[in-house]
Amino acid sequence: YDAILTTPMQPLDIALGETAFSLMRGGIYSIAFVIVMAAFGLVETWWGLLAVPACLLIGYAFAGVGLASTTFMKGWQDFDLVTLVVQPLFLFSGTFFPVEVYPPALQLIARLSPLYHGIELIRAATLANFDWSVLGHAAFLLAMGTIGMAIAQRRFHRLLLP
């Protein structure tokens, strides 16, 4: 990053570049998954193509928060904390089975999970089951990514500029 900052680039440019790179990778992966789903007949309507922008929104949310969180890590051992966060996200977000099977207290926690909101967006797109809650899920992910990017930019500025 020091070499980048010797140019007219600013810490915000670094944060945007890192996020853009992760979104390009995520976009390629999500397009490949939608193609495979279509090949197996799992996409019943053209609305299923909206799963790609939904995946990009999920990627933006996690890229922002992920980038912000890495600015607080002191060494590579701290990356074990990522597993500590990601594992419960998968278990308690409706990825493998509906959130409704949990007790009410765990349902509330699961509904606060960003992965829950992403899964609901993708399910709405692939099943063409849209309602007003889709806007709430999208707004949650957009806010999460934007807040993460703001923190990352501020931390980059503090860490990289004298």
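Residues numbered from 1 in each chain as written. Predicted model: local features only at pLDDT ≥ 70, side-chain atom pairs only at ≥ 80, totals over all residues. Heavy atoms only, no water.

1. Quick word on the environment of A128
So, step 1. In this fold, A128 is placed in the loop between helix 6 (114–127) and helix 7 (133–160).
So, step 2. Sequence separation between A128 and V43 is 85 residues, and the spatial gap between their C-alpha atoms is 9.5 Å.
So, step 3. For A128, the residues in contact, after removing those within four places along its chain, are T45, W47 and R123. (Helix = DSSP H or I, 4+ residues; strand = E, 2+ residues; numbered from the N terminus. Contact = heavy atoms within 4.5 Å.)

2. Re the pattern of salt bridges
So, step 1. Counted according to the given criterion, the structure contains two salt bridges.
So, step 2. Close ionic contact of R111 with E100 constitutes a salt bridge, the shortest N to O distance being 3.5 Å. Here R111, found in helix 5 (residues 104–111), pairs with E100, found in the loop between helix 4 (80–91) and helix 5; they are 11 residues apart in sequence, far enough to count as distant.
So, step 3. Linking R123 and E120 is a salt bridge whose minimum nitrogen-to-oxygen distance equals 3.8 Å. Note that R123 and E120 are positioned in helix 6 at a spacing of three residues, about one turn of the helix.
So, step 4. The exposure class of E120 is partly exposed, given its relative accessible area of 25%. (Salt bridge = Lys/Arg side-chain N within 4 Å of Asp/Glu carboxyl O. Buried < 20%, exposed > 50% of the residue type's maximum accessible area, 1.4 Å probe, protein only.)

3. Side note on the confidence of the model for the protein chain
So, step 1. For the protein chain, the mean per-residue pLDDT works out to 88, and 99% of the residues sit at or above 70.
So, step 2. Helix 3 (residues 51–70) holds the highest mean pLDDT among the elements of the protein chain, 93, whereas helix 1 (residues 2–5) holds the lowest, 77. (pLDDT = per-residue confidence, 0-100.)

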